[in-house]
Amino acid sequence: MAQYRSEFLNTLEERGFIHQCTDMEALDAALMKGIVTAYIGYDCTAPSLHIGHLIQIMMQRHLQKSGHKPIVLMGGGTTKVGDPTDKDKSRPLLSNEQINANMDGIRTVFARFLTFGEGPTDAVMVNNDDWLSELGYLEFLRDYGTHFTINRMLTFESVKLRLSREEPMTFLEFNYMLMQAYDYHNLLGRFGCTLQMGGSDQWGNIINGVELCRRKDETQVFGLTTPLLSTASGQKMGKSMGGAIWLNADMLSVYDYWQMWRNTEDADVGKFLKLFTNMPLDEIARLEALQGQELNEAKKLLANEVTTLLHGAEAAATAAETARQAFEQGMAAEGLPTIEVSAAKLEVGIPAPELFTAAELTKSNGDARRQIKGGGVRVNDKVISDEKRQITSKDLDEDGVIKLSLGKKRHVLVKPV
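The model shown is predicted, which means the values in this text are computed figures rather than measured ones. (Residues numbered from 1 in each chain as written. Predicted model: local features only at pLDDT ≥ 70, side-chain atom pairs only at ≥ 80, totals over all residues. Heavy atoms only, no water.)

1. Some details on the overall build of the chain
Using the following cut-off: The way it works is that DSSP assigns letters per residue, a run of H or I at least four long becomes a helix, a run of E at least two long becomes a strand, and they are numbered from the N terminus. As defined in this context, the radius of gyration uses C-alpha atoms, and a globule is described by 2.2 Å times the residue total to the power 0.38. Think of it in three bands: with a 1.4 Å probe and only protein chains considered, a residue is buried below 20% of the maximum accessible area for its type, exposed above 50%, and partly exposed in between. Residue contacts are counted whenever heavy atoms from the two residues lie within 4.5 Å of one another. Only the protein chains shown count as cover for residues, and the accessible areas themselves come from Shrake-Rupley with a 1.4 Å probe. Positive charges are assigned to Lys and Arg, negative charges to Asp and Glu, while His and the chain termini are left out of the count. A charged residue contributes its charge at one atom only: NZ of Lys, CZ of Arg, CG of Asp or CD of Glu.
Counting secondary structure elements, the chain contains 19 helices and 15 strands. Its C-alpha radius of gyration of 24 Å places the chain within 12% of the 22 Å reference for a compact globule of 417 residues. Referenced to the eigenvectors of the C-alpha coordinate spread, the extents of the chain come out at roughly 75 × 50 × 40 Å. When burial is assessed residue by residue, the chain has 50% of its 417 residues classed as buried. When contacts within the chain are restricted to residue pairs at least 6 apart in sequence, long-range pairs at least 24 apart make up 73% of them. Total accessible area computed for the chain in this model is approximately 19400 Å², and 50% of it derives from carbon and sulfur atoms. Where the 45 positive side-chain charges of the chain centre and where its 55 negative ones centre are 4 Å apart.

2. Looking at the pairing of strand β15 (residues 410-416)
We count it as follows: Only strands that DSSP links by at least two bridges are regarded as paired with each other.
Sheet analysis places strand β9 (residues 338-341) next to β15, joined by 4 bridges and oriented parallel. Paired with T338 across the strands is L413, a residue of β15. Bridge count between strand β14 (residues 402-406) and β15: 5 bridges; the pairing is antiparallel. Bridging across to β15, L406 finds its partner in R410. Counting the residues between successive antiparallel strands, the hairpin from β14 to β15 contains 3 residues, one of them, G407, with a positive phi of roughly 70°.

3. Brief notes about the nonpolar core
Cut-off, in case you're wondering: Buried residues of nine kinds, namely Ala, Val, Leu, Ile, Met, Phe, Trp, Tyr and Cys, make up a nonpolar core once their side-chain atoms join them within 4.5 Å.
Within the largest apolar cluster, 68 residues are counted, with the highest numbers of intra-cluster contacts made by F8, L224, Y257, W261 and F276. A per-element tally of this core places helix α15 (residues 292-311) first, with 7 residues. The residues contacting W261, other than those within four sequence positions of it, are I51, L54, M237, F272, F276, K299, L302, A303 and V306. Membership of the second largest hydrophobic core comes to 28 residues, among which are V124, V126, A181 and V221.

4. Examining the packing of aromatic side chains
Counted only if it meets this: Any Phe, Tyr or Trp ring, taking Trp's six-membered ring, that has another such ring centre within 6.5 Å forms a pair; planes under 30 degrees apart are called stacked, those over 60 apart edge-to-face, and the others tilted.
Summed over the entire model, instances satisfying the criterion amount to 6 aromatic pairs. Consider the rings of Y257 and W261, whose centres lie 6.1 Å apart with planes at 75°: the pair is edge-to-face. Here W261 and Y257 lie together in helix α12 (residues 254-262), a separation of 4 residues that amounts to about one turn. The residues Y257 and W261 share a single accessibility class, namely buried. Three or more aromatic residues joined by ring pairs form one cluster here, namely Y257, W261, F272 and F276.

5. As for the pairing of strand β6 (residues 222-226)
Burial analysis of β6 places 5 of its 5 residues in the buried class, which makes it a mostly covered element. Alternating positions in β6 separate into two faces, F222, L224 and T226 on one and G223 and T225 on the other, with burial throughout. In terms of strand pairing, strand β1 (residues 20-21) meets β6 through 2 bridges, oriented antiparallel. Directly across from C21, in β6, lies its bridge partner L224.

6. Quick notes on unusual backbone geometry
Backbone phi values are negative for most residues with the exception of glycine, while trans is the configuration of most peptide bonds. The phi dihedral of E218 is positive, around 55°, even though this residue is not glycine. On the secondary structure map, E218 appears in the loop between α11 (203-217) and β6. A positive phi angle, close to 55°, is found at N380, a residue other than glycine. Along the chain, N380 falls in the loop between β11 (377-379) and β12 (382-383). Look at N380 and you get partly exposed, because its relative accessible area is 24%.

7. What about the sheet that holds strand β5 (residues 195-199)?
Here 6 strands make up an open sheet; going across it, the order is β1-β6-β5-β2-β3-β4 and the pairing mixed. Edge strands, defined here as strands with exactly one partner in the open sheet, are β1 and β4 (124-127). As paired elements, strand β2 (residues 37-43) and strand β3 (residues 69-75) share 7 bridges and run parallel to each other. By the bridge assignment, T37 is partnered in β3 with K69.

8. Thoughts on the pattern of salt bridges
For clarity, the threshold we go by: Only one rule defines a salt bridge in this text: a Lys or Arg side-chain nitrogen within 4 Å of an Asp or Glu carboxyl oxygen.
Tallied over the full model, the rule gives 12 salt bridges. Residues R107 and D104 are paired through a salt bridge, measuring 3.9 Å at the closest nitrogen-oxygen approach. Of this pair, R107 and D104 are both found in helix α4 (residues 96-110), 3 residues apart, which corresponds to roughly one turn of the helix. E354 serves as the salt-bridge partner of K345, at 3.1 Å between the closest nitrogen and oxygen.

9. Structural notes on the sheet that holds β11
Taken together, the 5 strands give an open sheet; going across it, the order is β9-β15-β14-β11-β12, and neighbouring strands pair in mixed fashion. Since the sheet does not close on itself, it has two edges, and those belong to β9 and β12, each with one partner.

10. Comments concerning the confidence of the model for the chain
The cut-off we apply is this: A score from 0 to 100, pLDDT tells how confident the predictor is in each residue.
On average, the chain scores 88 in pLDDT, and the residues at 70 or more come to 92%. Per-element confidence in the chain is highest for helix α2 (residues 24-33), whose mean pLDDT is 98, and lowest for strand β7 (residues 239-240), whose mean pLDDT is 52.

11. Structural notes on the state of the cysteines
In protein chemistry, a disulfide is the covalent bond that joins the sulfur atoms of two cysteines. Here is the rule: The criterion for a disulfide is a pair of cysteine sulfur atoms lying within 2.5 Å.
Taken as a whole and judged by the stated rule, the model has 0 disulfides. Free cysteine C193: the closest other cysteine sulfur is in C213, separated by 8.3 Å.

Here it is, written out as structure tokens:
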């Protein structure tokens with residue numbers, strides 16, 4: 001393991017954040033010399049970020065805790081273009097209204113992790129639409145387009161992926177990397193920002209920005225990336241069987257968020273404790289060495305710590321208690337995710353596959369039927385084996401709800417309205 005002089009890089013190295021850096025020795029020296037301002041960009045393609053973004057947010061948290069200044073860059077402008085990185089096809093273009101609504105949803109997360117204000121190391125949030133929307137396109141191409149070559153751009157993975165699969169890349173998307181490089185040049189001028197961070201899939205875009213600042217501003221700036229994370233079984237972080245693991249509670253319940261971390265694979269417990277909590281490394285080493293039932297307690301601790309950071313201690317405690325009741329006592333506990341269905345429709349009866357899919361416990365009716373045949377589906381804690389089973393108002397318990405379960409760990413309550 002590499003040793004650095006700066007607290008920030010040592011923290012990142014010890015916790016597994018570092019993948020690539022443009023000039024590690026020079027960055028280490030800059031971090032020792034004084035306050036370094038660093039940014040990460042977040043495009044506004046959805047109303048919430050997901051856990052795939054959490055490693056970037058935690059990196060900004062460590063940056064601020066070690067005495068440096070984070071910039072949260074909202075991609076109000078670049079979202080209008082769409083980042084082609086790691087995409088087989090073009091993103092659908094969003095309206096200004098959709099982008100602004102998504103931005104409003106995304107903004108709220110960062111206050112949980114960063115301190116915003118006017119101080120020298122306080123975080124700031126800016127929107128790249130403030131400068132990108134003012135660009136005169138011909139002037140932009142004349143002043144900045146000369147610093148980019150088509151030869152070099154064709155070597156980037158985002159471009160090669162599309163070409164190799166004979167999928168079109170629009171000229172609009174091709175301009176994305178110029179826009180992101182211009183962001184770096186702009187933030188250098190406005191805030192003295194000399195470090196851009198991001199996931200390893202952003203390496204090409206970051207390099208463009210570093211080179212533009214060198215050529216246009218005659219200034220050395222730096223790029224630093226994190227590894228793209230996957231679970232021990234190879235699943236990409238940020239996704240689950242049911243879709244994205246969103247950070248906003250209105251898109252994913254606190255309970256489901258807690259439960260996702262509680263279901264961490266054994267081999268990932270130590271890695272996730274290092275990346276997504278503030279726990280001391282010696283305590284993490286002790287926890288990841290546990291086996292069997294003791295390791296399950298470490299997973300609960302992971303879930304509590306990560307959920308507390310995002311949603312607060314009270315919400316995390318409620319989710320943990322809901323899980324305890326649901327799993328240890330077999331109860332339809334308050335706090336479980338709940339869906340509402342028409343009381344009239346429930347009176348007639350709803351096919352079990354249809355209801356489990358509506359509750360997002362299964363991906364499709366066909367998936368639900370397979371789960372039923374496999375014995376993994378329960379209604380009110382009783383296994384159902386008939387894929388034609390109708391769920392009706394007669395299944396309502398004394399609390400007036402129906403508890404749907406897939407396996408031992410996924411539960412949803414059905415409430416008639």
